[in-house]
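# Commentary on secondary and tertiary structure
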Amino acid sequence: MNKFKLAVFVSGNGSNLQALIDTSKSPDCPFKIELVFSNNPDAYGLLRASQNNIPTLTLDHKYNNDRQEFDSTLSKNLEQSNFDLIILAGFMRILGKEFIKRYENRVINLHPSLLPKYPGLNTHEKVLKNKDKFHGATVHLVDEGLDTGKIIGFSKFKVEKYDNYDSLLAKTHEIEHKLLPKICSLIATKKIILNKNNILINGK
């Protein structure tokens, strides 16, 4: 069986990468992780990958003159890998227009809010400040905007009166670790088909 191949981009701890790794170990999992990339050479996610014999690639953005140079160098390095889909899982760098165009409909992102609410950073703080009743996570297709791509799937939970930053962070991680592997499996089995104009679910 030829499994669907993922390239996972991380910048830090990589807990969602670990969720994908754990899921991929199941014999009936339709995907495998082909590569883990990070713009941070100290990212713990790279260690998670190495511990599971997954090839890694590191490109420290601090040593590139600008975003275009970083994206161009990254693209050239990725040419040596064979993958079907790029997963941004805690990847804290915005990819440029040329990169997104090159991998059009092949890049998805996991974002810790119920988009279109709260694109960008500090989502948990915003939920608390605005006293939202619900919070969650969204997987979306990546386009040239900031968290503006077509929504593929989401998961949510009720915000309780006792919730604070730490509890929201923990609850969001809990649902992310289930949501991302599920979405990747549905894409791998073509039950979700990615298209920038429409996300087809179950081929409809």
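Residues numbered from 1 in each chain as written. Predicted model: local features only at pLDDT ≥ 70, side-chain atom pairs only at ≥ 80, totals over all residues. Heavy atoms only, no water.

The final tally for this structure, using the stated rule, is four salt bridges. For Lys32, the salt bridge is made with Glu34, and the minimal N-O distance between the two is 3.6 Å. Residues Lys117 and Asp132 are paired through a salt bridge, measuring 3.3 Å at the closest nitrogen-oxygen approach. Taken together, the positions of Lys117 in the loop between strand 5 (107-111) and helix 5 (123-129) and Asp132 in the loop between helix 5 and strand 6 (134-141) put the pair 15 residues apart, joining distant regions of the chain. Look at Asp132 and you get buried, because its relative accessible area is 11%. (Salt bridge = Lys/Arg side-chain N within 4 Å of Asp/Glu carboxyl O. Helix = DSSP H or I, 4+ residues; strand = E, 2+ residues; numbered from the N terminus. Buried < 20%, exposed > 50% of the residue type's maximum accessible area, 1.4 Å probe, protein only.)

Two numbers describe a pair of aromatic rings. These are the distance of the centres and the angle of the planes. This model, assessed by the stated rule, comprises seven aromatic pairs. Where Phe83 meets Tyr103, the ring centres are 5.9 Å apart and the plane angle is 35°; that geometry is what we call tilted. Of this pair, Phe83 sits in the loop between helix 3 (67-78) and strand 4 (85-88) while Tyr103 sits in the loop between helix 4 (97-102) and strand 5, and the two are 20 residues apart along the sequence. For Phe83, a relative accessible area of 6% puts it in the buried group. Classification of Tyr103 as buried rests on a relative accessible area of 6%. Pairwise contacts between aromatic rings join Phe9, Phe37, Phe70, Phe83, Phe91, Phe99 and Tyr103 into one cluster. Positioned over the ring face of Phe70 is Arg93, at 4.5 Å from the centre of the ring. (Phe/Tyr/Trp six-rings, centres within 6.5 Å; stacked < 30°, edge-to-face > 60°. Lys NZ or Arg CZ within 6 Å of the ring centre and 35° of its normal.)

The residue after Leu115, namely Pro116, is reached through a cis peptide bond having omega 10°. Examined against the element boundaries, Pro116 turns out to sit in the loop between strand 5 and helix 5. One non-glycine residue, Lys131, lies in the positive phi region at around 55°. Mapped onto the secondary structure, Lys131 falls in the loop between helix 5 and strand 6. Relative accessible area serves as the criterion here: at 72%, Lys131 is assigned to the exposed category.

Attention shifts here to helix 2 (residues 44-51). Since the α-helix packs 3.6 residues into each turn, any two residues three or four apart lie on the same face. The complete set of buried residues in helix 2 reads Gly45, Leu46, Arg48 and Ala49. Mapping the buried residues of helix 2 onto a view down its axis gives an arc of 155°, with all of them on the same face. Buried-residue contacts for helix 2 involve strand 1 (4-10), helix 1 (15-24), strand 2 (31-38) and strand 3 (56-58). Just beyond helix 2, the residue with positive phi is Asn53, at close to 60°. (Arc of directions from axis to C-beta. Contact = heavy atoms within 4.5 Å.)

So, about the environment of Ser81. The residue Ser81 is located in the loop between helix 3 and strand 4 in this model. Distance in space between the C-alpha atoms of Ser81 and Lys5 is 10.0 Å, their sequence separation being 76 residues.

We now examine helix 1. Across the ten residues that make up helix 1, a large majority, eight, are buried. All of the buried residues in helix 1 are Ser15, Asn16, Leu17, Gln18, Ala19, Leu20, Ile21 and Ser24.

Our focus in this paragraph is the nonpolar core. Ranked by internal contacts, the top residues of the largest apolar core, which has 38 residues, are Val8, Val36, Ile87 and Ile108. In terms of residues, this core owes the most to one element, helix 6 (residues 165-188), which gives eight residues. Core analysis: the next-biggest nonpolar cluster, separate from the first, contains 19 residues, Leu88, Phe99, Tyr103 and Val107 among them. (Core = buried A, V, L, I, M, F, W, Y, C linked by side-chain atoms within 4.5 Å.)

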